[in-house]
Amino acid sequence: MMKVERRVISVIVQNEHSVLARITGLFAARGYNIEALTVAPIPDSNMSRLTIETKGNVRVIEQIIKQLHKLIPTFKVIEHEEMVEKEMVLMKFPINESLANIQALCEAYNGGIVNVSSQHIITMIADEPKRVKHFIEAAQRFHPVEIVRGGVVAMERE
Amino acid sequence: MEMTGAQMVIEAMKLEGVDTVFGYPGGAIMNVYDELYKQNDFKHILTRHEQAAVHAAEGYARATGKVGVAFVTSGPGFTNAVTGLATAYMDSIPLVVISGQVPITLIGTDAFQEIDATGISRSCTKHNYLVRSAKELPHILKEAFYLANSGRPGPVHVDIPKDVTAELAKFEYPTHVEIPTYKPTTKGNVRQIKKAAEAICNAKRPVFYLGGGIIHSGSADLVREFVAATQIPAVETLMARGVLDHDDPLLLGMVGMHGSYQANMAMSEADLMIALGPRFDDRVTGKLSEFGKHAKIIHVDIDPSSIGKLVDVDYPIVGDLKEVLDVMIPKVKECVDPDKYQAWREILKRYNEIHPLTYEDSDKVLKPQWVIERVGQLLGDKAVISTDVGQHQMWTAQFYPFSFPRQFITSGGLGTMGFGFPAAMGVKRARPDMISVNFTGDGSILMNIQELVTAVESRLPVINIILNNHYLGMVRQWQTFFYDKRYAETDLSFQPDFVRLAEACGGIGYRVETKEEFDEALKDAVDKGVVAMIDVIVDRDENVLPMVPSGGTLYNMMLEYKD
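Residues numbered from 1 in each chain as written. Chains lettered and ligands numbered in written order. Predicted model: local features only at pLDDT ≥ 70, side-chain atom pairs only at ≥ 80, totals over all residues. Heavy atoms only, no water.

Residue and element names in this part refer to chain A. Taking strand neighbours across the sheet as the criterion, the four strands line up as 6-7-5-8 in an open arrangement whose pairing is antiparallel. Two strands lie at the open edges of the sheet, namely strand 6 (111-116) and strand 8 (146-156), each paired on one side alone. For this sheet the average axis-to-axis angle between neighbouring strands, irrespective of direction, equals 15°. Across eight bridges, the pairing between strand 5 (residues 83-94) and strand 7 (residues 120-127) is antiparallel. When the bridges of strand 7 are listed, M88 appears paired with A126. Running over the sheet, helix 4 (residues 129-139) touches strand 5, strand 7 and strand 8 and is turned about 15° from strand 5. (Pairing = 2+ DSSP bridges. Helix = DSSP H or I, 4+ residues; strand = E, 2+ residues; numbered from the N terminus. Axes fitted to C-alpha atoms, helices over the stretch in contact; angles between N-to-C directions. Contact = heavy atoms within 4.5 Å.)

Residue and element names in this part refer to chain B. The six strands are arranged 16-15-17-18-20-19 in an open sheet whose pairing can be described as parallel. The sheet terminates laterally at strand 16 (408-409) and strand 19 (508-512), the two strands that pair on one side only. Bridge analysis of strand 18 (residues 462-468) against strand 20 (residues 532-537) gives six bridges, and the strand direction is parallel. Its bridge partner being in strand 20, I466 is matched across the sheet by D535. The sheet strands contacting helix 17 (residues 420-430) are strand 15 (383-387), strand 16, strand 17 (435-441) and strand 18, and the helix crosses strand 17 at an angle near 175°.

Residues and elements named next belong to chain B. If you look at the biggest cluster of nonpolar residues, it comprises 64 residues, and the most contacted ones within it are I200, L210, L276, I298 and M328. Aside from chain neighbours lying at most four places away, what touches I200 is F226, I232, L272, I274, I298, M328, V332 and Y341. Judged by nonpolar contacts, the second largest core, of 44 residues, contains C124, M425, A430 and I466. (Core = buried A, V, L, I, M, F, W, Y, C linked by side-chain atoms within 4.5 Å. Buried < 20%, exposed > 50% of the residue type's maximum accessible area, 1.4 Å probe, protein only.)

Before going further, it helps to examine the domain arrangement of chain B. Residues and elements named next belong to chain B. Partitioning chain B into domains gives domain 1 (2-170), domain 2 (190-354) and domain 3 (368-537). Computed over C-alpha atoms only, the centres of domain 1 and domain 3 are separated by 29 Å. Domain 1 puts 26 residues into the contact, and the matching count from domain 3 is 27 residues. It is R48, R62 and A63 that lose the most area in domain 1 upon contact with domain 3, and together they represent 28% of the buried surface on that side. Applying the counting rule to domain 1 against domain 3 returns one salt bridge. R48 is the partner of E457 in a salt bridge, and the nearest nitrogen-oxygen pair spans 3.0 Å. At the surface where domain 1 touches domain 3, the tally comes to 11 residue pairs in polar contact (both at pLDDT 80 or more). Taken together, the elements giving at least two residues each to the side of domain 1 that touches domain 3 come down to strand 2 (20-23), strand 3 (43-46), helix 3 (50-64) and helix 4 (76-90). Looking at the side of domain 1 that touches domain 3 element by element, the count peaks at 11 residues for helix 3. A per-class count over the side of domain 1 that touches domain 3 returns 10 nonpolar, 10 polar and six charged. (Domains from an automatic or database assignment. Buried area = accessible area lost by both parts, 1.4 Å probe. Salt bridge = Lys/Arg side-chain N within 4 Å of Asp/Glu carboxyl O. Polar contact = N/O pair within 3.5 Å; in protein donor to acceptor, adjacent residues only side chain to side chain. Nonpolar A, V, L, I, M, F, W, Y, C, P; charged D, E, K, R; others polar.)

With that settled, the discussion passes to the pattern of salt bridges. Note on pairing: side chains with opposite charge can pair once their charged atoms come close. Residue and element names in this part refer to chain A. Per the counting criterion, the structure on display carries 44 salt bridges over all chains. Of the charged contacts in the structure, one is a salt bridge between E53 and R6, with a shortest N-O distance of 2.8 Å. One end of the pair, E53, is in strand 3 (residues 47-56); the other, R6, is in strand 1 (residues 5-14), with 47 residues separating them in the sequence. Notably, a salt bridge pairs R7 with E79, separated by 3.4 Å at the nearest N-O pair. Of the two residues, R7 is situated in strand 1 and E79 in strand 4 (residues 74-79); the sequence distance between them amounts to 72 residues. A single salt-bridge network, built from bridges that share partners, covers E5, R7 and E79.

Contact with chain A, which involves 15 residues of that partner, is made by 21 residues of chain B. Here chain A packs against chain B, burying approximately 1,600 Å² in sum over the two surfaces, 50% of which is carbon and sulfur. Joining chain A to chain B, the criterion identifies two salt bridges. Linking D303(B) and K70(A) is a salt bridge whose minimum nitrogen-to-oxygen distance equals 2.6 Å. The tally of links between chain A and chain B comes to nine residue pairs in polar contact (both at pLDDT 80 or more). Listed by contribution, the elements that provide at least two residues to the side of chain A that touches chain B are helix 1 (19-29), helix 2 (58-70) and strand 4 of chain A. Here the side of chain A that touches chain B takes five residues from helix 2 of chain A, the largest share from any one element.

All names here are of chain A. Taken together, M88, L90, V114 and V148 make up a surface patch of nonpolar side chains, about 310 Å² in accessible area. With respect to the helices and strands, the residue V114 is situated in strand 6. Assessed through its relative accessible area of 47%, V114 is described here as partly exposed. (Patch = residues over 30% accessible without salt bridge, like charges linked within 9 Å, V, L, I, M, F, W, Y side chains within 5 Å. Areas by Shrake-Rupley, 256 points an atom, 1.4 Å probe, with all protein chains shown as cover.)

The subject of this paragraph is the packing of helix 10 (residues 220-230) of chain B against helix 13 (residues 321-335) of chain B. Residues and elements named next belong to chain B. It is the contact of helix 10 with helix 13, at a shortest axis distance of 10 Å, that shows an interaxial angle of 15°. The orientation of helix 10 relative to helix 13 falls into the category roughly parallel. The two elements helix 10 and helix 13 meet at a crossing, and its hand is left-handed. From helix 10, L222, V223, E225, F226, A229 and T230 reach across to helix 13, where they touch K322, L325, D326, M328, I329, V332 and K333. (Parallel < 35°, antiparallel > 145°, perpendicular 65-115°, else oblique. Left-handed = near helix turned anticlockwise from the far one by under 90°.)

Before going further, it helps to spend a moment on helix 6 (residues 137-148) of chain B. Compared with the 16 Å implied by 1.5 Å per residue over 12 residues, the 16 Å span of helix 6 of chain B between its first and last C-alpha is a close match. The element helix 6 of chain B is largely enclosed, with a buried count of 10 among its 12 residues. (Expected span 1.5 Å × (residues − 1).)

A few words now on the packing of aromatic side chains. All names here are of chain B. Scanning the entire structure with this criterion turns up 20 aromatic pairs over all chains. Aromatic pair Y359 and F399: ring centres 5.4 Å apart, planes at 90°, arrangement edge-to-face. Here Y359, found in the loop between helix 14 (342-354) and helix 15 (368-379), pairs with F399, found in helix 16 (residues 391-399); they are 40 residues apart in sequence, far enough to count as distant. In this pair, the class of Y359 matches that of F399, namely buried. Ring geometry for F402 and F408: centres 4.7 Å apart, planes at 40°, overall tilted. On the accessibility criterion, F402 (2% relative accessible area) is buried. (Phe/Tyr/Trp six-rings, centres within 6.5 Å; stacked < 30°, edge-to-face > 60°.)

Residues and elements named next belong to chain B. On the surface, E513, E516, E517 and E520 cluster together to form a negatively charged patch. Tracing the sequence through the fold places E516 in helix 21 (residues 515-528). E516 gets classed as exposed once you look at its relative accessible area, which sits at 53%. (Lys, Arg positive; Asp, Glu negative; His and termini not counted. Charge placed at Lys NZ, Arg CZ, Asp CG, Glu CD.)

Residues and elements named next belong to chain A. Running from amino to carboxyl end, helix 3 (residues 99-108) crosses helix 4 at an angle of 170°, the nearest separation of the two axes being 10 Å. In terms of orientation, helix 3 lies roughly antiparallel with respect to helix 4. Residues L105, C106 and A108 of helix 3 form the contact with helix 4, whose participating residues are R131, F135, A138 and A139. For the contact of helix 3 with helix 4, the class distribution of residues is six nonpolar, no polar and one charged.

Structure below.
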């Protein structure tokens with residue numbers, strides 16, 4: 001068995017009808033798994049950027065990349081190696097938890113409190129996926145009621 | 001100039017030089033058919049089932065290399081066409097299939113005859129479009145033809161809502177296509193080609209592994225030149241039959257599950273495989289870990305995702321085969337010594353002497369292989385041969401003396417029963433100068449038998465030769481070999497009277513049980529030039545051999561079956 005690797009791939013596609021379905025369909029049809037997916041238009045262009053986090057052995061990853069290239073609306077596929085990776089998380093806590101402690105925890109992970117209502121506090125952090133995992137573990141002591149992870153975005157360092 | 005969407009569709013067909021459209025009208029595509037009614041620039045052939053329309057368009061495309069075109073309506077019209085799209089997709093056949101769709105205002109409302117057609121076709125087309133305004137139509141249609149027949153060819157589906165076919169817009173048909181995201185690599189990497197050429201000259205036991213890409217890229221002549229110059233033996237995949245002339249002494253026959261002994265042994269013992277446009281299908285490779293175990297592999301393909309998909313390749317070359325061969329052949333000619341492979345050729349010749357591709361003929365019952373060989377003797381290169389799928393298909397691939405590319409029209413990748421007859425109609429339409437023969441089985445022919453009506457009405461004289469063993473033969477063979485003869489639902493003893501069926505539709509039928517009767521029937525069918533069904537009663541228990549059991553190794557073929 002070949003080693004299973006985690007990979008982050010960015011795909012630049014023409015911003016057209018059903019392009020996202022083409023990409024996710026490609027993964028689904030071949031039984032490949034998408035761990036996380038982030039999509040947004042690229043400013044001042046008719047392109048969109050998708051960041052896909054996936055897992056598989058080397059041959060599977062190679063096939064994924066070739067198949068992504070093969071889609072007609074695909075402009076570019078970037079296989080990230082030396083990259084800056086960030087993921088965003090929104091987390092909702094009951095109002096009776098310690099505001100100061102939550103604030104301190106969030107600051108340690110590049111974030112803070114973004115909303116306070118009569119019932120809940122909402123926090124936001126943006127950090128590397130591994131650190132996001134740590135944050136979620138650490139935040140458990142404040143009894144979060146809802147967690148929304150945003151998926152990875154990545155940029156080559158050079 | 002302003003036109004309705006429907007007028008644009010018709011106009012685009014003319015501008016693309018389409019001479020035939022196969023199709024079936026219905027509610028959502030009626031505006032297009034109304035415009036079609038008003039023109040005489042191209043012919044529409046009305047099949048009796050949408051699946052057959054697409055297969056007929058495929059037959060046309062496979063016989064000519066031009067884009068085949070089919071029109072179908074929304075909903076069931078489109079879903080019937082899907083098998084045809086998938087068949088073309090698997091074999092890289094250029095098609096443009098245009099379907100009607102419910103009006104834009106009704107899309108997503110579960111309207112009458114609505115289906116998410118582009119959602120369905122996404123996974124079995126090279127590309128697809130849902131047209132959202134008549135303004136988009138000219139460039140979408142232009143792109144569809146371009147995409148279908150460039151790079152790795154394939155089917156393109158254009159879904160047009162009914163209100164778009166009625167909408168007026170300016171018609172300016174683009175003269176060329178610019179898709180910034182689509183740039184197929186056609187020129188192979190020169191350094192890599194050079195390395196591959198050196199590998200060929202240094203090999204001791206090289207073999208050409210010829211695939212369907214040779215036919216699609218129109219490089220069969222170059223391949224013939226390459227083989228002749230190097231004197232390296234060659235195997236052909238199912239899709240490459242006809243690349244080399246059947247009597248070329250360097251042709252080892254078909255490779256794979258039902259390949260010849262010498263072809264499969266050549267692949268197993270080679271030290272270099274020169275793979276030109278094949279896709280390493282599991283029906284060819286058998287057990288992957290044992291495939292080409294002693295060989296370095298050169299793989300030339302226009303589709304990068306085909307290279308290294310299943311086996312590791314030592315010399316990957318992405319490019320159009322024709323352009324790559326233009327560079328590679330002179331480089332190989334510089335260094336090659338054809339005499340060097342003499343010993344290797346002798347070994348393979350010896351393999352062929354030990355286990356030639358053969359069968360035991362009989363005077364008591366017609367053997368299917370005899371029938372195919374006989375058609376080959378009588379019609380040879382005057383016929384284009386289509387098949388359905390099953391034992392008859394493999395026997396045809398093994399025993400028909402193919403002598404030119406595009407002479408063999410068959411559903412390889414998808415293995416679509418019901419393909420042969422409509423495809424043969426498309427062949428006849430594309431090549432009226434040729435005799436169009438479809439070898440079929442008693443199982444396969446019933447899957448699109450309604451096309452007898454189309455063939456008669458449209459004067460497309462196809463000769464269907466049913467190799468009738470009263471079985472779903474290939475499944476029966478597997479049940480014999482691997483399921484202790486439990487013939488679950490493969491006994492087709494109950495059959496229609498094929499002769500009367502042919503006659504009921506206005507064709508001519510023959511029932512044949514002896515060699516003399518067969519010769520007479522075939523001669524009569526050819527002479528009369530009408531739609532014919534020759535129902536040939538053959539040996540019920542004949543098997544296709546050699547056989548590499550699924551997942552087995554090429555060098556461990558079953559060469560005979562003993563009860």
